[in-house]
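Next come the chains, spelled out residue by residue.
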Amino acid sequence: MSFDLPKAFKDFDEARQNSFIAMKELKESGKKVVGTFCTYSPTEIIKAAGAVPVGLCAMSDEPIEEAEKHLPRNLCPLIKASYGFALTDTCPYFYFSDLILGETTCDGKKKMYELMDDIKPVHVMQLPQTSEGEQSFNLWKSEIVRFKERLENDFNVSISDEDVKSAIVERNNERKALKAFYELGKMVPPPFTGSELLSVLYGAGFKFTSEAITSSLEEIRENTLKDYEAGNRKVSEDKKRILITGCPLAGATQKLVAAIEENGGTVVCFENCIGIKSVEDPVDESKDPFDALTEKYLNIPCSVMTPNNKRGEMLERLIKEYKIDGVVDMVLQACHTYGVETHTMKKVVNGVNETPYISIETDYSQSDVGQIKTRVAAFIEML
Amino acid sequence: MDKLYSIGIDSGSVATKAVLFKDRIMDTVLIPTGWSPKNACSEVFESLLARNSLNADDVYVVATGYGRVATDFADKTLTEITCHGKGAHYLDSDVRTILDIGGQDSKVIKLDRDGNIADFIMNDKCAAGTGRFLQVMVSLLGADIEDLDSLTRGAEPEKINSMCTVFAESEVVSMLAGGSSKEAVASGILHSIAGKISTLASRVGIENKVMFTGGLAKSSELTRIIEQKLGREVVTNSYSQLNGAIGAAVLGQHFANKKSK
Ligand code: SF4
Ligand code: SF4
């Protein structure tokens, strides 16, 4: 067999580190880049403008100390890291971004964007507090239009409905490919480890052309499957099947995945932002493109929305589809929306055949690795 | 070869406990953990073997507690949560909720009727509400943990507002400087700890019989205050400090039997 599966997974893992060269080339060829922070960012509009969207993941502990010079210590590490990377100019993707797209998700983020605007132009989209009702729909739709106009202005382009439509098709294809891949996690035992799955979910965001994303995903899917069918098993059948939900996860918080996998569990599904949350549903290609985008993004089951019943419904479905033994809810320190929502999620999860649930609060430091291990090990022992 | 005996070792931050088990508790030891959990674990293990004229080959060993990784002779290691659950179930099968205040962390464990863990919760990163907190506070008073009961009985508690060990420390110092009695402050400290574990307990929901375990369960005053806060009876057991080791030993016997089948 010529295909080296572990290497293929590693390529995704390294995508973030390596693809800034690709990004540099894109920039040199005259492309504009828009940095985004959140799954609510309508990347289709960015693509329609002929620009490249890049997720400014900010998943490391390093710039936090610097960020704390301006931001309160008791703030979500994701926000501090996002700002810290901007402040220290240590993220190549931030550096290459011509415009930063923010959104009024949680309070911490929206106030941080005000500060970030002093470093680089930030366009903030006003997200409604609720995804329900006509008013929210109209607000979000007009915000998408306003964003389109900003891009037209700043980048000196004009974006037609046709441009948006074809961007939608492109992004849908990427989603489809990603979904086809991560759904392999439904197999018992799964054909990949949780860390590998995360590498792909996370790394896919650092490939910049649609063709690169879809073809590499299709390739890794096919080969994973082939390998599995040839009888290779990476994960033993007796591992407990874990679903991780909650705040965005990757980088420093990978310690949670490691703790699960070292203690008898295997993560088969990530219901997080860097996960399947925004990928599950495509954008409706048959509708007016702006209506379709509005609908799609408002439907993301994020805790910043009130109410947020969709998250519970999604969890219920995923627990069954992925034959989940236990759910781990990761809450970043000082994240109020996810923190408060743990109470509801516990009830929802326990309600599906008494599936056990645990919430783990953490930050980007490694100081709680031991504690997390104990909690996770005890949780898995009880499954 | 069948292992007829099991030994459960629970190496905590303060004390290392071990229990020899064969259908019942045969022997127990408890020593301070000191600076080396590894040494403490070997010491309790060797002394149980020697005292009962056993060979290492005769026993199945389960280690738990934060020092569990330091034992190289254990057949299996398990978390405190699982072992505490089994231990309490062994001591009293009616128990459904365990409150444990350990040196490093506090936990509340819910059991099902078979003694399996149904749910649990642990305190956050900091030392608030742990045995460590109490230790720091009590030594500030120049008292000993053993004297807590006699010191606090009948005292009107002084309210400690801070949950953080560092802040509570300066709060206590200024209280004493302001003329509060040692008794009142000590009682306040117990109330603070009892409050913390009660809040933790209410987060998982308390069910049926509640058992308070860990070294601090020896304090009848603390137990009484927790009862007051929870509004229900809380039992303790003379073995409660050994609870984790007992659970480890019970599980050890179970694994040994399974293996020999
Ligand atoms: S959790 Fe919500 S606010 Fe945070 S990145 Fe995801 S969608 Fe955006
Ligand atoms: S994790 Fe929570 S606090 Fe942090 S950015 Fe997302 S919603 Fe805001």
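Each chain has its residues counted from 1, following the order in which its sequence is written. The naming scheme follows written order: chains are lettered A onward, ligands numbered 1 onward. Owing to the predicted nature of the model, reporting of local features is limited to residues with pLDDT of at least 70; listing and counting of side-chain atom pairs is limited to 80 or more, with chain, interface and lining totals taken over all residues. Just so you know, side-chain values use all the structure's heavy atoms and leave hydrogens and water out.

**Here's the deal with the site of ligand 2**
All names here are of chain A.
Part 1: Neighbouring residues are identified by heavy atoms, a residue being near a molecule or strand if any of them is within 4 Å of it. In the neighbourhood of ligand 2, the contacting residues comprise Cys 76, Ile 79, Cys 106, Lys 109, Cys 247, Pro 248, Leu 332, Cys 335 and Thr 337.
Part 2: Here the shell around ligand 2 is built from residues that sort into seven nonpolar, one polar and one charged.
Part 3: Domain limits in this description derive from either an automatic procedure or a database domain assignment. Two domains each provide a minimum of three residues to the shell around ligand 2, namely domain 1 (7–157) and domain 2 (164–382). Each residue is assigned to one class: nonpolar for Ala, Val, Leu, Ile, Met, Phe, Trp, Tyr, Cys and Pro, charged for Asp, Glu, Lys and Arg, and polar for all the others, Gly among them.

**Looking at the packing of aromatic side chains**
Part 1: Pairing of aromatic rings covers Phe, Tyr and the six-membered ring of Trp, with a centre-to-centre limit of 6.5 Å; geometry is then stacked below 30 degrees between planes, edge-to-face above 60, and tilted otherwise. Tallied over the entire structure, the rule returns ten aromatic pairs over all chains.
Part 2: Taking 5.8 Å as the distance between ring centres and 45° as the angle between the ring planes, the aromatic pair formed by A:Phe37 and A:Tyr113 counts as tilted. In this pair, A:Phe37 sits in the loop between strand 1 (33–36) and helix 2 (43–48) while A:Tyr113 sits in helix 6 (residues 107–116), placing the two residues 76 residues apart along the sequence.
Part 3: Think of it in three bands: residues with accessible area under 20% of the maximum for their type are buried, residues over 50% are exposed, and the middle band is partly exposed, with areas taken using a 1.4 Å probe on protein chains only. For A:Tyr113, a relative accessible area of 2% puts it in the buried group.
Part 4: Look at A:Tyr202 and A:Phe206: their rings are 5.8 Å apart centre to centre, the planes differ by 85°, and that puts the pair in the edge-to-face class. Each member of the pair A:Tyr202 and A:Phe206 is classed as buried.
Part 5: Counting as a charge over the ring demands two things of the Lys NZ or Arg CZ atom: a distance within 6 Å of the ring centre and an angle within 35 degrees of the ring normal. The ring centre of A:Phe12 lies 4.6 Å from the NZ or CZ of A:Lys207, which sits over that ring.
Part 6: A cation over an aromatic ring shows up here: B:Lys22 above the ring of B:Tyr5, its NZ or CZ 5.5 Å from the ring centre. A helix here means a DSSP run of H or I that spans at least four residues, while a strand means a run of E at least two residues long, and both kinds are numbered starting from the N terminus.

**Some details on the packing of helix 4 (residues 77–88) of chain A against helix 6 of chain A**
All names here are of chain A.
Part 1: Only the stretch in contact is used when a helix axis is fitted, and all axes are lines through C-alpha atoms; the angle between N-to-C directions ranges over 0 to 180 degrees. Two numbers describe how helix 4 lies on helix 6: the axes approach to 10 Å, and their chain directions differ by 10°. By the angle between their directions, the pair helix 4 and helix 6 is classed as roughly parallel. Contacts between helix 4 and helix 6 involve Leu 78, Ile 79, Ser 82, Tyr 83 and Ala 86 from the first element and Gly 108, Lys 109, Met 112, Leu 115 and Met 116 from the second.
Part 2: Class assignment for the residues of the contact of helix 4 with helix 6 results in seven nonpolar, two polar and one charged. Here roughly perpendicular refers to angles of 65 to 115 degrees, roughly parallel to angles under 35, roughly antiparallel to angles over 145, and oblique to all remaining angles. The contact criterion used throughout is that any non-hydrogen atoms of two residues lie within 4.5 Å.

**A closer look at helix 14 (residues 336–351) of chain A**
For an α-helix, the turn length of 3.6 residues means that residues three or four places apart are oriented alike.
Residue and element names in this part refer to chain A.
Part 1: Between its first and last C-alpha atoms helix 14 spans 23 Å; for 16 residues at 1.5 Å apiece the expected length is 22 Å, and the two agree.
Part 2: Of all the bends in helix 14, the greatest measures close to 40° and is centred on Thr 342.
Part 3: Taken together, the buried positions of helix 14 are Tyr 338, Glu 341, Thr 342, Met 345, Lys 346, Val 348 and Val 349.
Part 4: Remark: Asn 353 follows helix 14 within two positions and exhibits a positive phi of approximately 45°. Here a helix's expected span is defined as the number of its residues, less one, multiplied by 1.5 Å. In this scheme, the bend at a residue equals the angle between the axes fitted to the seven residues that finish there and the seven that begin there.

**Observations regarding the nonpolar core**
Part 1: Note on terminology: a nonpolar core comprises buried Ala, Val, Leu, Ile, Met, Phe, Trp, Tyr and Cys residues joined through side-chain atoms within 4.5 Å. Core analysis: the largest hydrophobic core is formed by 148 residues, its most contacted members being A:Met116, A:Leu151, A:Leu256 and B:Phe120.
Part 2: In terms of domain composition, this core takes at least three residues from each of domain 1 (7–157) and domain 2 (164–382) of chain A.
Part 3: Those residues in contact with A:Leu256 that lie beyond four places of it in its chain are A:Ile244, A:Leu249, A:Val328, A:Met330, A:Ile360, A:Ile372 and A:Val376.
Part 4: By size, the runner-up hydrophobic cluster in this structure holds 35 residues, among which are B:Ile101, B:Met175, B:Ile189 and B:Val234.

**Remarks on the site of ligand 1**
Residue and element names in this part refer to chain A.
Part 1: Every residue near ligand 1 is listed here: Phe 37, Cys 38, Thr 39, Tyr 40, Thr 105, Lys 109, Pro 248, Cys 273, Cys 302, Val 304 and Tyr 338.
Part 2: Its residues assigned to classes, the shell around ligand 1 shows eight nonpolar, two polar and one charged.
Part 3: Each of two domains, domain 1 (7–157) and domain 2 (164–382), supplies a minimum of three residues to the shell around ligand 1.

**Some thoughts on the sheet that holds strand 1 of chain A**
Residues and elements named next belong to chain A.
Part 1: DSSP-based pairing: two strands are paired if at least 2 bridges between them are found. Taken in spatial order, the four strands of this open sheet run 2-1-3-4, and their pairing is parallel. Looking at strand neighbours, the two that pair on one side only are strand 2 (52–55) and strand 4 (122–125), the edges of this open sheet. Put simply, the sheet's adjacent strands are angled 30° from each other on average, direction ignored.
Part 2: Here strand 1 runs beside strand 2; their pairing, made up of four bridges, is parallel. Paired with Gly 35 across the bridge in strand 2 is Val 54.
Part 3: Docked against the sheet, helix 7 (residues 134–155) engages strand 1, strand 3 (99–103) and strand 4, running at close to 165° with respect to strand 4.

**Examining the domain arrangement of chain A**
Residues and elements named next belong to chain A.
Part 1: Parsing chain A into structural domains produces domain 1 (7–157) and domain 2 (164–382).
Part 2: Taking the mean C-alpha position of each, domain 1 and domain 2 sit 21 Å from one another.
Part 3: Of the residues lining the interface, 53 residues belong to domain 1; the matching set on domain 2 comes to 54 residues.
Part 4: Each of two parts loses accessible area, computed with a 1.4 Å probe, when they are put together; buried area is these two losses added. Interface area for domain 1 against domain 2, summed over the two sides, is near 4,300 Å², with a carbon-plus-sulfur share of 70%.
Part 5: Three residues, Phe 9, Phe 12 and Met 59, lead the burial of domain 1 against domain 2; their summed loss comes to 20% of the area buried on that side.
Part 6: We count a salt bridge whenever a side-chain nitrogen from Lys or Arg sits within 4 Å of a carboxyl oxygen from Asp or Glu. Our enumeration of links across domain 1 and domain 2 arrives at four salt bridges.
Part 7: A salt bridge links Lys 47 to Glu 170, with the shortest nitrogen-to-oxygen separation between them at 3.1 Å.
Part 8: Polar contact criterion, stated in full: a pair of N or O atoms within 3.5 Å, where within protein one must be able to donate a hydrogen and the other to accept it, and residues adjacent in sequence count only if both atoms are side-chain atoms. Inspection of the domain 1/domain 2 interface yields twelve residue pairs in polar contact (both at pLDDT 80 or more).
Part 9: Secondary structure elements with two or more residues in the side of domain 1 that touches domain 2: helix 1 (5–28), helix 2, strand 2, helix 4 and helix 7.
Part 10: The element contributing the most residues to the side of domain 1 that touches domain 2 is helix 1, with ten residues.
Part 11: Partitioned by chemical class, the residues of the side of domain 1 that touches domain 2 number 31 nonpolar, twelve polar and ten charged.

**Concerning the sheet that holds strand 4 (residues 59–64) of chain B**
Residue and element names in this part refer to chain B.
Part 1: Read from one edge to the other, the open sheet built from five strands follows the order 3-2-1-4-5, with strand pairing classed as mixed. The open sheet has two edge strands, strand 3 (25–32) and strand 5 (76–77), and neither has a second partner.
Part 2: When strand 4 meets strand 5, the two strands line up parallel, connected through two bridges. Across the sheet, the residue bridging to Ala 63 is Thr 77, located in strand 5.
Part 3: Of the strands in this sheet, strand 1 (5–11), strand 2 (15–21), strand 3 and strand 4 touch helix 1 (residues 37–51), which is tilted by about 145° from strand 3.

**Focus: the pairing of strand 1 of chain A**
All names here are of chain A.
Part 1: Of the two faces of strand 1, the one carrying Val 33 and Gly 35 and the one carrying Val 34 and Thr 36 are both buried.
Part 2: Clockwise travel from the first strand over the helix to the second, with the strands pointing away from the viewer, marks a crossover as right-handed. Each parallel crossover has a hand, and for strand 1 linked through helix 2 to strand 2 it is right-handed.
Part 3: Bridging between strand 1 and strand 3 involves three bridges; their strand directions are parallel. Bridge assignment links Thr 36 to a residue of strand 3, and that residue is Leu 101.

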